[in-house]
Amino acid sequence: MTYIQRFDPRARVTFYVCLTTALLVVNDLRALAILLALSAAVLLMARLAWARIRHVALGVLIFIVVITALNMLFRSPLEAAQQAIRAAAMASASLAMVFTFDPADLGITFRRMGFPDRFAFALDLTVRFVPMLMRDFRITMDAQRSRGYELEPRDRSLRSVLTVGRRFAPLIVPVVVRTVLEAEDRANAMDLRAFGTGRRTWLRTLRMRPPDYVLVAASFALLAGAVAVRFTLG
Amino acid sequence: MRAVNSDIQTIDLSYIYAGRDTSALRQVSLTCRASEITLIVGRSGSGKTTLARCINGLIPHTYKGGTLRGEVRLADESLKHLSLAQLARRIGTVMQDPDRQIVATRVFYDIAFGPENLGLPRDEIRARVHEAAEQLHITHLLDRDTHTLSGGELQKVVIAGALAMRPRALLLDEPLASLDPPSARDALAVFRRLADSGLTVIMIEHRLREALGVRPEHAIALNGGEVTFDGAAADLLAWLDAKRNGHSGNRAVSPPRRDGGDVLLAFRNVTFAYPGARQAQLRGVSLDVRAGDVIALIGPNGAGKSTLCKMAIGLIRPQAGRVLVGGQDAGRTTTAQRVRTVGYVFQNPAAMLFANTLGEELAFGPRNLGLADAQIAARIGQALAIVGLDHLPLDQSPFSLSFGQQKRVTIASVLAMQPRVLILDEPTAGLDDGTAEELLDQLLSATARPEAIVMVTHDLMLARRFANRVVLMVAGQVIADGAPDDVLADAEVMKQAGFDPLAGPDTTHPR
């Protein structure tokens, strides 16, 4: 377990929200640089194996380079620098957050932060749902390709570009229809296990310790500092 | 041994769904006894699922607005005025697809889900989770992430989740549907044990031949919402046989003879591993598919059957070895070119159907091949005739069809491309025995059918009845390839696959 994972997930969510909000609030390059350093430190503390984050990290990197180039061209070097630092810091903080967060903690974290049972459980289900959606999509892609479907149209005329929506129908429709039908089964299965019938126990428990309170306090201080910087330095 | 009376009884149960005119159930009265397994059989649309929904309370609690008459009783108590939460503590339900019933990311929390919803104290929930896991011998799975489990393991987790509610009865709605033969056999042993421990077990299943392996005490057959058989399970087969002989129905084609025709599709020592996988999916597989072959490709889940089929149409490429399609090295062609020779029908119609009308759906493949409209229309007509759907109007929506008809539509949609080899992935999955056999009868006896057919299947009886060649795969290798009677009766190779050998003459094909 990394040092980050020893914190209560509520404290970590608070820190993440405050940090990303701070990044959006400040414009001053020095302040942004400090926030970037902080995010990078958090990412290092997450001790993520490069192989695990490679795909996402490279994607983010390319995104940052493109955005920076566009900003240099159409806006100013200052804005380009601001956006690049912001994006890099947010990506670092998010990678650290997402890849060290135990999905089993997601529901209880938001429940204990005051959200209702249904909302908290919806988050839990979403975590399960995304990979299943991806799997359905891959199967449908294979199924349609075996009917001679190619994503790249033979005909590259303007008209065929305009009908792009129709070209995707063979991929989108089966996945959507299936998801809707499965939602009925899923809701039935949850009903049959008495979901939403009364006050529920959350087996998993969370406990805030002194370091967690320190982290929460520091997070709010960081956000307050960012707001102060915005109003003094612009 | 009947400590508590937990019999489930339905009395004159009738139900009409909201917005329908016809009854899905008509005055169904039956009794399912404690410590027994009651097997409920019937074709699609016979009312099995509606009956299950009436017993577990989804009707009327979730499906509202219909007309329900009669009642369901558990021992001496009417279930009529109980809430879903109260019902859930009395009757546990396990549905078809375990994937859709898992709610948590970790096994422990999934089993705990029901008791959590009841608001029980934490210590009691933990005790119940462990108790249920022990009953199913899955304590070693408790800390695992649910998405890493196999289908068979997932189903045990779902059953444990139902048992953690400490129900008096267990309702199983097509529990074998997504399991391979070894997992299905395992599951049946679990059901037997649970009944022997005193639960009332109700099992709805249309894989009749396998379901009888659970040695049910009692069987009920439904047809058109009515009970047509209610008696000892031992008498069910005799009754079905008698009924079948009453009709002239049984026109099973015998498998066509193999004539050693041209090689249409060939795998030459192909190897494949998914990135990051611990074990290769295919390890040096060589196989020729010839004109005239009707191959049943069998093997446990994960043996590499689907991987091999995907390779045939080029969805994946071999890392070593070659695939020859129509004599040409498949490496030099695109998928779109290969599908002219090899057609692949996916298991679930839901993965394929997308169009507003049947005509559009069927034209999709041929149009992708670049055919002219007149040619497409002719091919659609032919394809529909082969699967026995030529009576359907082409402007009908494919989504308004029954599951069995949708399956036929997907087969027709691939046949319309006139491939020389047709690969069917689990052609009988989700179909009752009668419908499945009818479909294969029709397909195989059609004169315009593809020259070779490859069926990926878990159904060994089907392999024996319809194939003229059985290929058995285990752990990425072909371990047997030959005439059905030879391979299926070979105790040694079948055991390697975790299957029970199929010996003796084929005497039972109940419908």
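None of these values were measured; they are calculated from a predicted model. (Residues numbered from 1 in each chain as written. Chains lettered and ligands numbered in written order. Predicted model: local features only at pLDDT ≥ 70, side-chain atom pairs only at ≥ 80, totals over all residues.)

Caption draft 1: Seen up close, the overall build of chain B. In terms of regular secondary structure, chain B is built from 18 helices and 20 strands. The C-alpha radius of gyration of chain B comes to 24 Å, within 12% of the 24 Å expected for a compact globule of 511 residues. Principal-axis analysis of the C-alpha atoms gives chain B an extent of 70 × 50 × 45 Å. Counting across all 511 residues of chain B, residues that qualify as buried make up 50%. (Helix = DSSP H or I, 4+ residues; strand = E, 2+ residues; numbered from the N terminus. Rg over C-alpha atoms; globule rule 2.2 N^0.38 Å. Buried ≥ 20, exposed ≤ 12 C-beta atoms within 10 Å, placed from the backbone.)

Caption draft 2: Focus on the overall build of chain A. Assigned secondary structure in chain A consists of nine helices and zero strands. Reading chain A from its N terminus to its C terminus gives the helix and strand order α-α-α-α-α-α-α-α-α. Here the C-alpha radius of gyration of chain A, 22 Å, is well above what a compact globule of 234 residues would show, namely 17 Å. Each of the 234 residues in chain A was classed as buried or not, and the buried ones make up 29%. Partitioning the contacts of chain A with sequence separation of at least 6, the portion at a separation of at least 24 is 80%. (Contact = placed C-beta atoms within 7 Å.)

Caption draft 3: Molecular detail of unusual backbone geometry. Residue and element names in this part refer to chain B. Going from isoleucine 59 to proline 60, the amide bond is cis rather than trans, its omega being 10 degrees. Non-glycine residue arginine 166 carries a positive phi angle of around 50 degrees. Structurally, the position occupied by arginine 166 is in the loop between α6 (151-163) and β7 (169-173).

Caption draft 4: Expanded view of helix α5 (residues 122-135) of chain B. All names here are of chain B. Taking 1.5 Å of rise per residue, the 14 residues of α5 would be expected to cover 20 Å, and the 20 Å separating its terminal C-alpha atoms lies within 8% of that figure. By the burial criterion, the buried members of α5 are Ile125, Arg128, Val129, Ala132 and Ala133. The buried residues of α5 occupy an angular sector of 130 degrees when projected down its axis, which confines them to one face. Residues of α5 that are exposed and point over 90 degrees away from its buried face: Asp123, Glu124 and Glu134. Considering only its buried residues, α5 is in contact with α4 (107-117) and α6. (Expected span 1.5 Å × (residues − 1). Arc of directions from axis to C-beta.)

Caption draft 5: Expanded view of the interface of chain B and chain A. Residue-level contacts link 51 residues of chain B with 41 residues of chain A. Those elements giving two or more residues to the side of chain B that touches chain A turn out to be α3 (84-88), α4, α5, α11 (335-338), α12 (358-368) and α14 (403-415) of chain B. Among the elements that make up the side of chain B that touches chain A, the one with the highest residue count is α4 of chain B (six residues). Class assignment for the residues of the side of chain B that touches chain A results in 30 nonpolar, 15 polar and six charged. (Nonpolar A, V, L, I, M, F, W, Y, C, P; charged D, E, K, R; others polar.)

Caption draft 6: Looking closely at the sheet that holds strand β1 (residues 8-16) of chain B. Residue and element names in this part refer to chain B. The strand order across the open sheet built from four strands is β2-β1-β4-β5, with neighbouring strands paired in antiparallel fashion. Either end of the sheet is taken by a strand with one partner, and the two such strands are β2 (25-32) and β5 (77-78). Alignment of β1 against strand β4 (residues 67-74), held across seven bridges, turns out to be antiparallel. Bridge pairing in β4 links isoleucine 8 to leucine 74. (Pairing = 2+ DSSP bridges.)

Caption draft 7: View of the pairing of strand β3 (residues 37-41) of chain B. Residues and elements named next belong to chain B. Burial analysis of β3 places five of its five residues in the buried class, which makes it a mostly covered element. Burial along β3 is two-sided: Ile37, Leu39 and Val41 and Thr38 and Ile40, pointing in opposite directions, are all buried. Summarising the sheet, β3 and strand β8 (residues 200-204) pair through four bridges and their orientation is parallel. Counted as the bridge partner of isoleucine 37 is valine 201 from β8. As judged from the four bridges shared by β3 and strand β9 (residues 218-223), these two strands associate in the parallel manner. Bridging across to β9, valine 41 finds its partner in alanine 221.

Caption draft 8: Layout of the domain arrangement of chain A. Along its sequence, chain A is organised into domain 1 (4-101 + 207-233) and domain 2 (110-191). Taking only C-alpha atoms into account, the centre of domain 1 of chain A sits 30 Å from that of domain 2 of chain A. (Domains from an automatic or database assignment.)

Caption draft 9: Structural view of the sheet that holds strand β11 (residues 263-272) of chain B. Residue and element names in this part refer to chain B. The strand order across the open sheet formed by four strands is β12-β11-β14-β15, and the pairing between neighbours is antiparallel. With partners counted over all chains shown, the strands left at the sheet margins are β12 (282-290) and β15 (328-329), one partner each. The pairing of β11 with β12 spans seven bridges and is antiparallel. The residue bridging phenylalanine 267 from the neighbouring strand is leucine 287, located in β12. Lying over the sheet, helix α10 (residues 305-312) contacts β11, β12 and β14 (320-325), oriented at roughly 120 degrees with respect to β11. (Axes fitted to C-alpha atoms, helices over the stretch in contact; angles between N-to-C directions.)

Caption draft 10: Examining the pairing of β4 of chain B more closely. All names here are of chain B. Here two bridges tie β4 to β5, and the two strands are oriented antiparallel to one another. Each residue of the ladder has a partner; that of arginine 73, found in β5, is serine 78. Here β4 folds back onto β5 in antiparallel fashion, the turn holding two residues, of which alanine 75 has a positive phi close to 55 degrees.

Caption draft 11: Inspection of the nonpolar core at higher detail. Within the largest apolar cluster, 86 residues are counted, with the highest numbers of intra-cluster contacts made by Ile111, Ala160, Phe191, Val201 and Met203 of chain B. Setting aside residues no more than four positions away along its own chain, valine 201 of chain B makes contact with Ile37, Leu170, Leu172, Phe191, Leu194 and Ala195 of chain B. (Core = buried A, V, L, I, M, F, W, Y, C linked by C-beta atoms within 7 Å.)

Caption draft 12: Layout of the confidence of the model for chain A. Across chain A, the average pLDDT comes to 88, with 94% of residues at 70 or higher. Ranking the elements of chain A by mean pLDDT puts helix α7 (residues 158-162) of chain A last with 58 and helix α1 (residues 9-25) of chain A first with 95. (pLDDT = per-residue confidence, 0-100.)

Caption draft 13: The confidence of the model for chain B, seen in detail. Residue and element names in this part refer to chain B. Looking at chain B, the pLDDT average stands at 88 and 95% of residues meet or exceed 70. Per-residue pLDDT stays below 50 along residues 505-511; that stretch engages in 14 contacts with residues further than four places along the chain or on separate chains. Scored by ipTM, the complex comes to 0.82, with pTM at 0.82.

Caption draft 14: Up close: helix α1 (residues 48-56) of chain B. Residues and elements named next belong to chain B. Of all nine residues that make up α1, eight are buried, and the element is covered over most of its length. Every buried residue belonging to α1 is among Lys48, Thr50, Leu51, Ala52, Arg53, Cys54, Ile55 and Asn56, and all of these are buried. Immediately downstream of α1, the backbone of glycine 57 shows phi near 95 degrees, a positive value.

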